[in-house]
Amino acid sequence: MSDQAKRGGVAILDFGSQYTQLIARRVREQGVYAELYPAGAPPETVNALDPRGYILSGGPNSVYAPGALQVPGYVLASGRPVLGICYGLQALTHALGGRVAPAQAHEYGPARVTLRADAAPLWTGLPDAIDVWMSHGDRVEALPPGFAPLAHSDNSPYAAIGDPARRLYGVQFHPEVNHTPRGADILRNFLFEVCGCAPTWTPAAFIAESEAAIRAQVGDGRVVLGLSGGVDSAVTAMLIHRAVGDQLTSIFIDHGMMRLGEPEQVVETFQRQFGLRLVAVNASEAFLSRLEGVTDPEQKRWIIGEQFVRTFEAEARTLGAVAFLAQGTIYPDVIESAARDRPDAHRIKSHHNVGGLPMDMDLKLIEPLRYLFKDEVRKVGAALGLPEDIIWRQPFPGPGLAVRCLGEVTWERLERLRRADAIFIEALREADMLRDGTAQAFAALLPVRSVGVMGDTRTYAEVVALRAVTTTDFMTADWARLPADLLARVSNRIVNEVPGVNRVVYDISSKPPATIEWE
């Protein structure tokens, strides 16, 4: 982005929390630029941003453990404001002479926090008590010199602490998650009341910076893009096309694991409607043959990721000299894969376009959306002029139905899943719930069989699980409270219209502890 858009930002130091990118998202929602860095990044790398302040993320470790990540010395020496979140609060306490120890009672989940009325400016505009989300096993036992308690909960006497004179603050809870309803107000107060930030971050600024960065990276080289038809790859395509024009060739690979009618729809939309240079490849046989007998979800993702890249490389060679592979990788992909630029995070699952990329890949990567959340991608898509049916298309994982077809992936099982999924999506569309009632919805085929009876005949067939969630960031999600009569209609249609299925269940798990996808 432009220098004007960068001015007035903050640096976020990542200690490995699964919520770290949410901090960046919440900051950017305030119109403030934020960059994320590993906690151990060189000072010159972090301070190249000339940040107005630092935010220290949570993390999975204990600050007193051998080799635990600590607050970098340059942060404390800078004199700039600091906000520590969860582990960040503990690391700040530990670094400045306080004491952190295991808590007698862990706090995981909702809590009520009482605020000190005289703790302005962090609590400006907040009531005396707020609901928050806790996720910690350690707690502060003794404050560092100069610090005062700013809030407490039943299990945390120091739920928030601060040294206003030095503009150093810490909160034990997570203000970045939706489960802390007033968390955005706390971050806003830190950004504007404490740091004096400027609200210059906008989709237009991101587009301008991305186009400039792409032109600088690509030069006069040629780019191939894996176009799936989803909003992530569509926005990526538009950004790169605006930056380098016909130097981009989009490649659509039909791996045999897309939803009903999608291969034809992708070609029609992007080749004919948008006029992109598009090469369509049917590689379903190659993918399915490699997946034969494979049931482990991580192995599926790695196989599909490698096969994608090898297919791209083969197609790229037919185009002549191509140096770059573009992907629509977004923040949740990176955080759940604990990719190479997040060495301190615990991996939840590998994403085919993050963890599955082979180390000997010939093509250099272009990932302009790598640090955007889904809602930010949609805002950028709207600013680029993409139609709403593309911007609000239901999210679909890169491995496709392979990670919704639990167990071995065969053509017969894929066809069974495709038909069940189409029935579910059709019902949601007719009820006008694809956008307003759900953020993501799909069917999964389970690797179990159950006994049933149809027409006085015993059946022994597979089970379909329906999944629908509500979320704004895809890092946390709740199950959608769909009408019972809608679920009943869908279940009835599936067991009557899809051969090999005699039972339908509805998934009522939230994220966390579950993930949105089953694999």
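Refer to the preceding data block for the structure.
Calculation rules
Residues numbered from 1 in each chain as written. Predicted model: local features only at pLDDT ≥ 70, side-chain atom pairs only at ≥ 80, totals over all residues. Heavy atoms only, no water. Phe/Tyr/Trp six-rings, centres within 6.5 Å; stacked < 30°, edge-to-face > 60°. Helix = DSSP H or I, 4+ residues; strand = E, 2+ residues; numbered from the N terminus. Lys NZ or Arg CZ within 6 Å of the ring centre and 35° of its normal. Pairing = 2+ DSSP bridges. Right-handed = clockwise from strand over helix to strand, strands pointing away. Expected span 1.5 Å × (residues − 1). Buried < 20%, exposed > 50% of the residue type's maximum accessible area, 1.4 Å probe, protein only. Contact = heavy atoms within 4.5 Å. Polar contact = N/O pair within 3.5 Å; in protein donor to acceptor, adjacent residues only side chain to side chain. Salt bridge = Lys/Arg side-chain N within 4 Å of Asp/Glu carboxyl O. Axes fitted to C-alpha atoms, helices over the stretch in contact; angles between N-to-C directions.

A. Structural detail: the packing of aromatic side chains. A complete count under the given rule lists six aromatic pairs for this structure. On the numbers, 6.2 Å between centres and 70 degrees between planes, the contact of Y54 with Y74 is edge-to-face. Linking Y54 in strand β3 (residues 54-56) with Y74 in helix α4 (residues 73-77), this pair joins segments that are 20 residues apart in sequence. Ring centres 5.3 Å apart and planes at 65 degrees place the aromatic pair F287 and F308 in the edge-to-face group. With F287 in helix α10 (residues 284-291) and F308 in helix α11 (residues 297-319), this residue pair connects regions lying 21 residues apart in the sequence. Taken together through their ring pairs, the aromatic side chains of Y33, W201 and F206 make up a single cluster. Here the guanidinium or amino end of R404 rests over the ring plane of F442, the centre of that ring lying 4.0 Å away. Note that R481 overlies the ring of W479, its terminal NZ or CZ placed 3.8 Å from the centroid.

B. Spatial organisation of the pairing of strand β2 (residues 34-38). As defined by bridge partners, strand β1 (residues 10-14) adjoins β2 across five bridges and the pair is classed as parallel. Looking at the pairing, A11 lines up with E35 of β2. Taken together, β1, helix α2 (residues 20-29) and β2 form a β-α-β motif whose crossover is right-handed.

C. Region of interest: helix α9 (residues 262-273). The terminal C-alpha atoms of α9, which comprises twelve residues, lie 15 Å apart, in line with the 16 Å expected from a rise of 1.5 Å per residue. Considered for burial, the residues of α9 that qualify are E262, P263, V266, V267, T269 and F270. Each element contacted by the buried residues of α9 is listed here: α8 (231-244), β11 (248-254), β12 (278-282) and α14 (388-391).

D. The environment of W201, seen in detail. On the secondary structure map, W201 appears in the loop between α6 (183-194) and α7 (203-218). Residue class for W201 comes out buried when judged on its relative accessible area of 11%.

E. Here's a closer look at the side chain of R413. Locating R413 in the fold gives a position in helix α15 (residues 411-430). One polar contact links the side chain of R413 to the main-chain carbonyl oxygen of E408, over a distance of 2.7 Å.

F. Structural detail: the pattern of salt bridges. Counting across every chain of the model gives 30 salt bridges. A salt bridge links D375 to R25; the nearest nitrogen and oxygen atoms lie 2.6 Å apart. Taken together, the positions of D375 in helix α13 (residues 374-384) and R25 in helix α2 put the pair 350 residues apart, joining distant regions of the chain. R25 shares its class with D375; the two are buried. Among the charged side chains, a network of salt bridges with common partners joins R25, R26, E29 and D375.

G. The sheet that holds strand β10 (residues 223-226), seen in detail. Ordered by their spatial adjacency, five strands build an open sheet running β12-β11-β10-β13-β14, and the pairing between neighbours is parallel. The open sheet terminates on both sides in strands that have one partner only, identified here as β12 and β14 (364-366). Within the sheet, the average angular offset between the axes of one strand and its neighbour, ignoring direction, is 30 degrees. Pairing between β11 and β12: five bridges, direction parallel. In the sheet register, S250 faces β12, and the bridge partner there is L278. The sheet contacts of α11 involve β10, β11, β12 and β13 (324-326), and relative to β11 the element is tilted by about 135 degrees.

H. Spotlight on unusual backbone geometry. Look at the link from K511 to P512: it is a cis peptide, with omega at -15 degrees. Within the secondary structure, P512 sits in the segment after β18 (501-506). The backbone of R167 sits at a positive phi, close to 60 degrees, despite the residue not being glycine. By the element assignment, R167 lies in the loop between β8 (160-163) and β9 (168-171). Positive phi outside glycine occurs at D432, with the angle close to 55 degrees.

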